[in-house]
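# Examining the three-dimensional arrangement
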Amino acid sequence: MNPIPQLLLGGFIVSVVLGASAQASQFCPQGGLREIMLENKPQRLAAYFAAIGFAMVAVAGLQWLLHQGVQPSHPPYRSAQFPWGRYMLGGLLFGSGMVLARGCPLRTLVRSAQGSVLALLSLGAMSIAAFAMTSTFVFNDWIGPWIVRLNLDLAHWGWQSQGLDAALGLHGWIARSLLGLALGSLVLTLAARGSRGAGRRMRWIGSALIGLMVAAGYWLTAGPIGERAAGDAAFMSQPPDGMGVQSFSFAGPLSDMTHFVMHAHAQTFTFGVVLVLGTLIGAAASAIARGEFRIQVQFALRDLIPRLLGSLMTGAGAVLGLGCTVGHGLSGLSPLSLGSALGLACIFLGAWATIRIESWHSSNNLATLVVADGH
């Protein structure tokens, strides 16, 4: 089989496993943050950080196996160009949006696969916003000209990249692998403390599989299959879109999916499209096998507008910030990107502030109802 179809087939298999794992374990960083803030339940958030730990350990092992770093990646997680403005503004927009949308792109994909029409509408809005940011004038004409001025060139400070290893003065794949193993093990140890309670085994299995699939995505694109596919593409008169070292992120792939739907006849069946389709199919298969697939058509119209607004913010924020809770949190942090650490911190800051505002608003409404009933 030609290496390009091999790459796409491998991506499909990996994404099916990730989708099934996310569905079975109820993987949801937004839900985890909401639960620990409002109910003091840390289990689901701990599962998210466990997935980060597993991804860091697995990617560190992969770099040791390949004797190289997983770079240059797409997005450029370890570039010497540090677009801190995009990380911060995009992260805040994404974080706030995913709270309004009641889920990040991965969780929305899973809920769509379980039969939720509202989630499917949200997914469509995320995809349209991401497509508008990547394929229309919105970013190039309105945002790019001023936000690019906020970029920092780390080479001026003698840093080879925005990797944590470069910031610490470490060089080479060996040092990076050892640092990734150490940090990943630390994250797993801390996550284990908050993962007690019912369903712990399923959450940990899900987190482990999700983290391993992130490493598998890098193995496919940076390993022998990816190298052969890139070599073949280089000699094509019209090389396929979406090539290069990459793993799971649902910012660009949602845009790729929209572009594929609009131009299926062109060279638009990318690795990102495969990841979206595979995740949907894997989540649907898991939901059917577990008896959790139900077509849910009815929803309150008052919920539709904030969900769609949040979905637009999520899709736009993911592209603006160069990543999402999966892109930055798993695929970006695993190769030790400081930009991904900043992006993820801003995502959680935006989500935390929005949950606080929602909670305050709900409390005020409840107090108003109590006073009205008293009269």
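Computed from a predicted structure; not experimentally measured.

Attention now moves to a nonpolar patch on the surface. A cluster of nonpolar side chains, contributed by W64, I174, L178 and L181, occupies part of the molecular surface with about 350 Å² of accessible area. With three residues, helix α9 (residues 173-193) is the largest single contributor of residues to the nonpolar patch. Along the chain, W64 turns up in helix α3 (residues 43-66). Residue classification places W64 among the partly exposed residues on the basis of a relative accessible area of 40%.

Turning our attention to the packing of helix α4 (residues 84-100) against helix α14 (residues 301-320). When two helices pack together, their arrangement is given by the angle between their axes and by how far apart the axes lie. One can describe the packing of α4 onto α14 by two numbers: an axis separation of 7 Å at closest approach and a directional angle of 155°. Of the possible angle classes, the one that applies to α4 and α14 is roughly antiparallel. Seen along the crossing, α4 lies across α14 with a hand that is left-handed. For the pair formed by α4 and α14, the contact residues are R86, L89, G90, L93, F94, S96, G97, M98 and L100 on the first element and P306, R307, G310, S311, M313, T314, A316, G317, A318, V319 and L320 on the second.

Nonpolar side chains in soluble globular proteins tend to end up buried together. Counting residues in hydrophobic clusters, the biggest one holds 79 residues, and the most contacted among them are L106, M133, Y218, F248, F250 and L330. A total of ten residues in this core trace back to one element, the largest contributor, which is α3. Sequence-distant contacts of F250, that is, excluding residues within four places in its chain, are made with L18, P105, L106, L109, V276, T279, C324 and V326.

Within the sequence span of helix α7 (residues 137-147), burial applies to V138, F139, I143, G144 and I147. Here the buried residues of α7 occupy an arc of 110° about the axis, which is enough to place them on one side. Turned more than 90 degrees from where α7 packs its buried face, N140, D141 and W142 sit exposed. Considering only its buried residues, α7 is in contact with α4, α6 (117-135) and α14.

Time to look at empty space enclosed by the protein. Scanning the model with the defined rule gives one cavity of 30 Å³ or more in all. Taken as a whole, the largest cavity encloses approximately 40 Å³ of empty space. Taken together, S25, Q26, F27, C28, R44, A47, R203 and S207 make up the lining of the largest cavity. Of all elements in the fold, only α3 and α10 (200-222) reach the threshold of two or more residues within the lining of the largest cavity. For the lining of the largest cavity, the residue count by class is three nonpolar, three polar and two charged.

Moving on to the packing of α6 against helix α12 (residues 252-262). Their axes nearest at 7 Å, the elements α6 and α12 cross at an angle of 90°. On the basis of the axis angle, α6 is roughly perpendicular to α12. Contacts from L123, M126, S127, I128, A130, F131, T134 and S135 in α6 reach L254, S255, T258, H259 and M262 in α12. Residues belonging to the contact of α6 with α12 are distributed by class as follows: seven nonpolar, six polar and no charged.

Turning our attention to the environment of T325. Looking at the secondary structure, you find T325 in the loop between α14 and α15 (327-332). Each C-alpha atom, one on T325 and one on A208, is 16 Å from the other, the two residues being 117 residues apart in sequence.

Below, the discussion takes up the layout of surface pockets. By rolling a water-sized probe across the atoms, one finds the places where empty space is left. Put simply, the largest pocket is a space of about 470 Å³. What lines the largest pocket is a set of 23 residues, among which H74, T134, G252, P253 and D256 lie closest to the centre. Going through the elements one at a time, α6, α12 and α14 are the ones with two or more residues in the lining of the largest pocket. The greatest single-element share of the lining of the largest pocket, amounting to five residues, is contributed by α12. In terms of residue class, the lining of the largest pocket is made up of seven nonpolar, 13 polar and three charged.

Parameters at a glance
Residues numbered from 1 in each chain as written. Predicted model: local features only at pLDDT ≥ 70, side-chain atom pairs only at ≥ 80, totals over all residues. Heavy atoms only, no water. Patch = residues over 30% accessible without salt bridge, like charges linked within 9 Å, V, L, I, M, F, W, Y side chains within 5 Å. Areas by Shrake-Rupley, 256 points an atom, 1.4 Å probe, with all protein chains shown as cover. Salt bridge = Lys/Arg side-chain N within 4 Å of Asp/Glu carboxyl O. Helix = DSSP H or I, 4+ residues; strand = E, 2+ residues; numbered from the N terminus. Buried < 20%, exposed > 50% of the residue type's maximum accessible area, 1.4 Å probe, protein only. Axes fitted to C-alpha atoms, helices over the stretch in contact; angles between N-to-C directions. Parallel < 35°, antiparallel > 145°, perpendicular 65-115°, else oblique. Left-handed = near helix turned anticlockwise from the far one by under 90°. Contact = heavy atoms within 4.5 Å. Core = buried A, V, L, I, M, F, W, Y, C linked by side-chain atoms within 4.5 Å. Arc of directions from axis to C-beta. 1 Å grid on protein atoms, 1.4 Å probe; cavity = no way out; pocket = protein on both sides within 12 Å on 5 of 7 lines; lining within 4 Å. Points joined across faces, edges and corners; volume = space filled by probe spheres on them. Nonpolar A, V, L, I, M, F, W, Y, C, P; charged D, E, K, R; others polar.

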